[in-house]
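Here are the chains, one letter per residue:
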Amino acid sequence: MPLSLPAGARIVAATHNAGKARELAALMEARFEVVTAASLGLPEPEETEQTFVGNALVKARAAADAAGLIALADDSGLSVSALAGAPGIYSARWAGPNRDFSHAMRLVEQRLDENRSDDASAWFTSALAVAWPNGPAVVVEGRVDGRLTFPPRGDKGFGYDPIFIPEGHALTFGEMDAAQKDRLSHRSRAFTKLKAALFE
């Protein structure tokens, strides 16, 4: 029987990041009852894999098995061409234990200065995984290309959004309203693939 996500299903958004939880819930288009891993008191699993896909699967599987519910997890990050793809899967870690992304953005700028590179190209990747309790899992990946700008601009979004301008646009993700960002983002591109695969 093909896997599917029936409308109205209760789904765990396997994240402790409030901004990411909001985006995941918005992408779900009110088709499902979304609860967060944080609200259920689920622990955050250690991200032990070396890819976005691997870490999304780790998070989805841990939440699904702990909650006994279908779980949706995202692993995403910023990759900078001039930094050989860093911070990549370590994007959240660059923000430190307090998830201070203003520090992380300064770190990106500092590393670019040290490299004396004029290449501002970068991309965001999002891997979305859906796991069934003690069962199968499905994972897809989306990407949006763009360039970096400093100093950061805008206070919308979260993470590295204020320094990222998507290709073909003048505003950073941090300056865009949620609906505009959702139409363009790496997460929504991954979600389109997930929808095609799983939505009834």
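Residues numbered from 1 in each chain as written. Predicted model: local features only at pLDDT ≥ 70, side-chain atom pairs only at ≥ 80, totals over all residues. Heavy atoms only, no water.

### Remarks on the overall build of the protein
Scanning the protein for helices and strands turns up five helices and six strands. The order of helices and strands in the protein, counted from the N terminus, is β-α-β-α-β-α-β-β-β-α-α. Scaling as 2.2 N^0.38, a compact globule of 200 residues should have a C-alpha radius of gyration of about 16 Å, and the protein matches this with 17 Å. The dimensions of the protein, computed from C-alpha atoms along their principal axes, are 55 × 30 × 25 Å. Pairs at least 24 apart in sequence give 60% of the contacts found in the protein among residues at least 6 apart. Looking at charge distribution, the protein has the averaged site of its 21 positive side-chain charges lying 2 Å from that of its 25 negative ones. (Helix = DSSP H or I, 4+ residues; strand = E, 2+ residues; numbered from the N terminus. Rg over C-alpha atoms; globule rule 2.2 N^0.38 Å. Contact = heavy atoms within 4.5 Å. Lys, Arg positive; Asp, Glu negative; His and termini not counted. Charge placed at Lys NZ, Arg CZ, Asp CG, Glu CD.)

### Examining the confidence of the model for the protein
Looking at the protein as a whole, its pLDDT mean stands at 91, while 98% of the residues score no less than 70. When pLDDT is averaged over each element of the protein, strand S6 (residues 164-166) comes out on top at 97 and helix H1 (residues 18-27) at the bottom at 79. (pLDDT = per-residue confidence, 0-100.)

### Here we look at the sheet that holds strand S2 (residues 33-36)
With respect to topology, six strands assemble into an open sheet ordered S2-S1-S3-S4-S5-S6, the strand pairing being mixed. Two strands in the sheet have a free side with no partner beyond their single neighbour: S2 and S6. Ignoring strand direction, the axes of neighbouring strands in this sheet form an average angle of 35 degrees. Against the sheet, H1 makes contact with strand S1 (10-13), S2, strand S3 (70-80) and strand S4 (121-131), and its axis sits at roughly 120 degrees relative to S3, the strand it touches most. (Pairing = 2+ DSSP bridges. Axes fitted to C-alpha atoms, helices over the stretch in contact; angles between N-to-C directions.)

### Let's talk about the nonpolar core
Ranked by size, the top nonpolar core spans 22 residues in total, and within it Leu78, Val80, Val108, Leu148, Tyr160 and Phe164 carry the most contacts. For this core, the secondary structure elements donating two or more residues are S3, helix H3 (101-115), S4 and strand S5 (137-148). Once residues within four sequence positions are removed from consideration, Leu78 is found in contact with Gly85, Ala86, Pro87, Gly88, Ser91, Ala122, Trp123, Phe124, Leu148, Tyr160, Ile163 and Phe164. The next biggest cluster of nonpolar side chains, apart from the first, holds 20 residues, and it includes Leu5, Ala9, Leu128 and Trp132. (Core = buried A, V, L, I, M, F, W, Y, C linked by side-chain atoms within 4.5 Å. Buried < 20%, exposed > 50% of the residue type's maximum accessible area, 1.4 Å probe, protein only.)

### Notes on the pattern of salt bridges
Close approach of charged atoms allows side chains of opposite charge to pair. For the structure shown, the criterion picks out nine salt bridges. One salt bridge in this structure joins Arg10 and Glu33, with 3.0 Å as the shortest N-O distance. On the criterion of sequence distance, the pair formed by Arg10 in strand S1 and Glu33 in strand S2 is long-range, its members being 23 residues apart. The exposure class assigned to Arg10 is partly exposed, which follows from its relative accessible area of 36%. You can call Glu33 partly exposed: its relative accessible area is 42%. Between Asp75 and Lys59 there is a salt bridge, with the nearest N and O atoms lying 3.0 Å from each other. Taken together, the positions of Asp75 in strand S3 and Lys59 in helix H2 (residues 52-67) put the pair 16 residues apart, joining distant regions of the chain. Salt bridges here are not isolated pairs; linked through shared partners, they connect Glu47, Lys59 and Asp75. (Salt bridge = Lys/Arg side-chain N within 4 Å of Asp/Glu carboxyl O.)

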